[in-house]
Amino acid sequence: MMERKEEEQVVVPRWREDFPIAWERDHYITRREFAKFLTLGSALLAGMSISVAVIGRWFFRPRFEGPSVLIAKASAIPAGGSLLFRYPTDDDPCILVRDRDGELRAYSQVCTHLSCAVIHRPESNSLFCPCHHGWFDAASGIPTGGPPTRRLPRIRLRVAGDDIFAEGGDV
Amino acid sequence: MDTPRQGLPLFTAIGLLVGTLVIIQLWLLAAGIDALLSGHPQVLIPAAAASIVIFLINGGLLLHALNFDHRVRTRRPND
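Quick summary incoming for the structure in this document. (Residues numbered from 1 in each chain as written. Chains lettered and ligands numbered in written order. Predicted model: local features only at pLDDT ≥ 70, side-chain atom pairs only at ≥ 80, totals over all residues.)

### Some thoughts on the pairing of strand 10 (residues 163–170) of chain A
All names here are of chain A.
So, step 1. With seven bridges connecting them, strand 1 (residues 63–73) and strand 10 associate as antiparallel partners. When the sheet's bridge partners are listed, V69 is paired in strand 10 with A166.
So, step 2. Looking at chain direction, strand 9 (residues 154–160) and strand 10 are connected through six bridges and run antiparallel. In the strand pairing of strand 10, L157 is matched with A166. (Pairing = 2+ DSSP bridges. Helix = DSSP H or I, 4+ residues; strand = E, 2+ residues; numbered from the N terminus.)

### A look at the packing of helix 3 (residues 31–59) of chain A against helix 1 (residues 7–38) of chain B
So, step 1. It is the contact of helix 3 of chain A with helix 1 of chain B, at a shortest axis distance of 9 Å, that shows an interaxial angle of 20°. For the element pair helix 3 of chain A / helix 1 of chain B, the angle class is roughly parallel. When the axes of helix 3 of chain A and helix 1 of chain B are compared, the crossing they make is left-handed.
So, step 2. Looking at the contact of helix 3 of chain A with helix 1 of chain B residue by residue, the class counts come to 18 nonpolar, ten polar and two charged. (Axes fitted to C-alpha atoms, helices over the stretch in contact; angles between N-to-C directions. Parallel < 35°, antiparallel > 145°, perpendicular 65-115°, else oblique. Left-handed = near helix turned anticlockwise from the far one by under 90°. Nonpolar A, V, L, I, M, F, W, Y, C, P; charged D, E, K, R; others polar.)

### Comments concerning the sheet that holds strand 6 (residues 126–129) of chain A
Adjacent strands of a sheet form backbone hydrogen bonds with each other and so pair up, either parallel or antiparallel.
Residue and element names in this part refer to chain A.
So, step 1. Taken together, the four strands give an open sheet; going across it, the order is 5-6-7-8, and neighbouring strands pair in antiparallel fashion. Whereas interior strands pair on both sides, the edge strands pair on one side only; in this sheet they are strand 5 (119–121) and strand 8 (143–145). If you compare each strand with its neighbour and ignore which way they point, the axes differ by 40° on average.
So, step 2. Where strand 7 (residues 134–137) and strand 8 come together, two bridges link them in antiparallel fashion. Residue pairing for strand 8: W135 is matched across the bridge by G145.

### A word on the packing of helix 1 of chain B against helix 2 (residues 44–74) of chain B
Helix-helix packing is described using two parameters, namely the angle between the two axes and the distance between the axes.
Residues and elements named next belong to chain B.
So, step 1. Relative orientation of the contacting elements helix 1 and helix 2 amounts to 165°, with a least axis distance of 10 Å. Put simply, helix 1 runs roughly antiparallel to helix 2. You can see that helix 1 and helix 2 cross each other, and the crossing is left-handed.
So, step 2. Residue composition of the contact of helix 1 with helix 2, grouped by class: 20 nonpolar, five polar and one charged.

### Regarding the sheet that holds strand 4 (residues 104–108) of chain A
Residues and elements named next belong to chain A.
So, step 1. The strand order across the open sheet formed by six strands is 1-10-9-4-3-2, and the pairing between neighbours is antiparallel. Every interior strand has two partners, whereas the edge strands, strand 1 and strand 2 (82–86), have only one. Averaged over neighbouring strand pairs, the angle between their axes works out to 25° when direction is ignored.
So, step 2. Sheet analysis places strand 2 next to strand 3 (residues 93–98), joined by five bridges and oriented antiparallel. Pairing of S82 across the sheet is with V97, part of strand 3.

These values are about where atoms sit, not about what they do.
Next up, the structure:
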């Protein structure tokens, strides 16, 4: 009798030693708890949406004011040409473009998709991001193709004689 | 009349409905943040209002389910 009892005790599968997981001790949540958890998440999401609305309504500034900085001479940029500059700090690359009609426009050079640098494509009057083939309209900064969904931040310009100044921007 | 057998489909259906509405709330939040960063803050108030309405629906569904649970559990056997 004693020998048989010992044999029964020893019969433990090998995999139990490798995977010592006791399913019976696992914690299962009930449907009630799950519904309560989802409703709590719903309350948190509603609170976050309210916070975003409050930030957008009272704290968000779509325009930013910056110093007036001379960035280029207008005569140095031909129609269809472009020029790179940094504004408002040295860590903010920007691009100044002149379209075929002679209009000057400046944008942040940082793609709104994953922050690669956009380049000017004068043949299509576009700004092109070579990383993921994103396209922006050079006349407005609005995305026209590829992954980007937000437009490029615009830099406001003031032309005085032959001098082009950057003066703040629009997000 | 409420019976315990109705509890399983009721809680399953309410869980599915609340889960779907929470996903819509997540989309509203993501779209709101994207609109904020794009410089279109005029859509944020409607998005927040929709999210609050969805939360109220979720809260109402949960209360309904918990009230059902309470009624079934406190009912006398001969009722």
